[in-house]
Amino acid sequence: MLTKEYIKELKNRGNGDIGQLINKYQDSASLTFILENLGQLPKDFDGSFLQNLLTHKNANVRLWAVKTIGKLVKEDYLPVLKNIATIDVDTNVRREAVSSIGRMRTINGQSVLTEILQDNDPKIVCQAIRGLLVFKGNSKIDDNLKSLVNHENEMVRTVIYKEYFAKLKDKNGQPHTESYDYLKNVVVNADTIETMKLLKDESIHLTFTSPPYYNARDYSIYPSYKAYLEFLADVFKEVHRITKEGRFLIVNTSPIIIPRISRAHSSKRYPIPFDIHPYLMEMGWEFIDDIVWMKPEASVKNRIGGFQQHRKPLGYKPNSITEYLMVYRKSTEKLLDWNMRQYDWQTVQDSKVPEGYESTNVWKIDPCFDKVHSAVFPVELCKRVIQYYSYKGDLVFDPFGGSGTMGKTAKSLNRYFFLTEKDENYFEYMKSKKTKEMFDTHETKFLTLKEFKTTIK
Ligand SMILES: C[S@@+](CC[C@H](N)C(=O)[O-])C[C@H]1O[C@@H](n2cnc3c(N)ncnc32)[C@H](O)[C@@H]1O
């Protein structure tokens, strides 16, 4: 019977016994099992049977054959591996062949890997880059790799940028975990872009916001949908500039309806989250996740009523019970680990997300209604975002402060907040709710733009 122990015993005999065993089994599962369980190979291992398997019809068998050849680290196999890396129909097999060439770390291997840089599959190119980076410092290799910084594929560009062009930048000379006192627990009654322009680069840790819903509510009016999207793009460009390296932006929006002007016309749907997304990608936000905020059906406007009566296809209008929380990260070559490592042990312990956290991207949360503001965040929504995407002591920002839910929640979770809100009534409303339960050293300040300017150091 075919067992791991038996395979091990034959392998160590080193006289071609594994080759004979392979000949006995032709089915893909057994062949894969044998190859998978070969483990480390003895120096004198006879791998002559492997070449036949490189043309096996099953991709998994070919993959393991290539892997096993790779373990032999013999330059004689270079032409075979080059051939597989170029012509196999399966990307994983090709990638494994490139990886095996890389592991040889030889001059001839270098030139094959350099040729493979021209491949049109970015995954193969990245694997070749990986093999060549072992020789980083060799000017010829460096020149070849550097030229890929303008490669058409974004993953290739990012790897090369990180390896050769990223400078250690600390734009405002402030440690990553800190923020300016003049931004802590401050609400400014002004246009958000005008206010953000006063802030230094990399001033805040997290932004969570719900922008105006185009012209669906009357607190802001835009001449056209395009003008609206461009306004949001300007806002998020500034947010990008003032966000610390590798930190997050979470945008809460949903498709909206602008009602019809008469029965002779139809209402119009605007898919805001999908339309703003390309702008965000373009300006240097990296897409991380889409979270769906799901509300009870009874809490949303009934659209299905007409359909319930007539049941005519095409007239189906489901009740919209979801909104999106689109999660983005300020693009950086640094891994998330880098961000996490900036915090001291105690802060990491104190910021750990408590049990009961949501494990899916569908968050079932009741909406919240407010007597003054028509579109407030539920506290639970803010709470999750703040707990999952910031550390204690961080500065969180909401450019469209509204009734201040984000600020209130941030404060209760031992974070600082900075809010901007253009509308004087909403600003006054926030002011009327002022409490100072926490952060006594940073009691909330409500400022006009002029007053805010005087506080900036
Ligand atoms: C959807 S509401 C945000 C509500 C908020 N999330 C809450 O929990 O109360 C959008 C807010 O953005 C404000 N706003 C609109 N344009 C603005 C601008 N250019 N600068 C600052 N605030 C603005 C509106 O007055 C409105 O209060």
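Residues numbered from 1 in each chain as written. Predicted model: local features only at pLDDT ≥ 70, side-chain atom pairs only at ≥ 80, totals over all residues.

A.B. asks: Which residues make up the overall build of the protein chain, and what are the values?
C.D. replies: Looking only at helices and strands, one finds 21 helices and eleven strands in the protein chain. In terms of C-alpha radius of gyration, the protein chain reaches 29 Å, well past the compact-globule figure of 23 Å for 457 residues. A principal-axis box enclosing the C-alpha atoms of the protein chain has dimensions of 85 × 65 × 40 Å. Taking all 457 residues of the protein chain together, the buried fraction comes to 32%. Residue pairs at least 24 apart in sequence account for 68% of intrachain contacts in the protein chain once pairs closer than 6 positions are excluded. (Helix = DSSP H or I, 4+ residues; strand = E, 2+ residues; numbered from the N terminus. Rg over C-alpha atoms; globule rule 2.2 N^0.38 Å. Buried ≥ 20, exposed ≤ 12 C-beta atoms within 10 Å, placed from the backbone. Contact = placed C-beta atoms within 7 Å.)

A.B. asks: Lay out the environment of Arg157 with the relevant residues and their values.
C.D. replies: Within the secondary structure, Arg157 is located in helix H11 (residues 154-165). Residues Arg157 and Cys126, 31 residues apart in the sequence, show an inter-C-alpha distance of 9.8 Å. Those residues in contact with Arg157 that lie beyond four places of it in its chain are Val149 and His151.

A.B. asks: Give me the lowdown on the sheet that holds strand S10 (residues 416-420), citing residues and values where you can.
C.D. replies: Strand pairing within a sheet occurs via backbone hydrogen bonds; the two strands may be parallel or antiparallel. Across the sheet, which stays open at both edges, the nine strands sit in the order S8-S6-S7-S3-S2-S9-S10-S1-S11 with mixed pairing between neighbours. Every other strand in the sheet has two partners, leaving strand S8 (362-364) and strand S11 (445-448) as the edge strands with one partner each. Strand-to-strand twist of the sheet, defined as the mean angle between neighbouring strand axes without regard to direction, takes the value 20 degrees. In the sheet, strand S3 (residues 243-253) pairs with strand S7 (residues 322-330) via six bridges, with the strands oriented antiparallel. Counted as the bridge partner of Val251 is Met326 from S7. Each of strand S1 (186-189) and S11 touches helix H20 (residues 424-432); the most contacted strand, S1, lies at about 155 degrees to it. (Pairing = 2+ DSSP bridges. Axes fitted to C-alpha atoms, helices over the stretch in contact; angles between N-to-C directions.)

A.B. asks: Give me unusual backbone geometry: which residues, what numbers.
C.D. replies: Phi is positive for Glu202, which is not a glycine, with a value near 50 degrees. Take Glu202: there are 21 C-beta atoms within 10 Å of it, and that puts it in the buried class. A positive phi angle is found at Leu314, which is not glycine, with a value near 85 degrees. Of note, Leu314 is situated in the loop between helix H15 (305-310) and S7.

A.B. asks: I'd like a description of the site of the ligand, backed by residues and values.
C.D. replies: Taken together, 19 residues lie around the ligand, and Phe400, Gly402, Ser403, Thr405 and Lys422 are the ones closest in. Grouping the amino acids of the shell around the ligand by side-chain chemistry returns seven nonpolar, eight polar and four charged. (Near = placed C-beta within 6 Å. Nonpolar A, V, L, I, M, F, W, Y, C, P; charged D, E, K, R; others polar.)

A.B. asks: Report on the packing of helix H13 (residues 225-242) against helix H14 (residues 272-282), specifying residues and quantitative values.
C.D. replies: Packing of H13 against H14 brings their axes to within 10 Å, and their N-to-C directions diverge by 40 degrees. One finds that H13 runs oblique with respect to H14. Considering the relative orientation of H13 and H14, their crossing is right-handed. From H13, Leu229, Leu232, Ala233 and Phe236 reach across to H14, where they touch Asp275, Ile276, Tyr279 and Leu280. Residues of the contact of H13 with H14, tallied by class, amount to seven nonpolar, no polar and one charged. (Parallel < 35°, antiparallel > 145°, perpendicular 65-115°, else oblique. Left-handed = near helix turned anticlockwise from the far one by under 90°.)

A.B. asks: Break down the pairing of strand S9 (residues 395-398) for me, citing the residues and quoting the values.
C.D. replies: Every second residue of S9 is oriented toward a common face, with Leu395 and Phe397 on one face and Val396 and Asp398 on the other, all of them buried. With two bridges connecting them, strand S2 (residues 204-209) and S9 associate as parallel partners. Bridged to Leu206 within S9 is Val396. Pairing of S9 with S10, which is carried by four bridges, proceeds in the parallel orientation. Looking at S10, one finds that Phe397 is bridged to Phe418. With helix H19 (residues 405-412) bridging S9 and the parallel S10, this β-α-β connection has right-handed handedness. (Right-handed = clockwise from strand over helix to strand, strands pointing away.)

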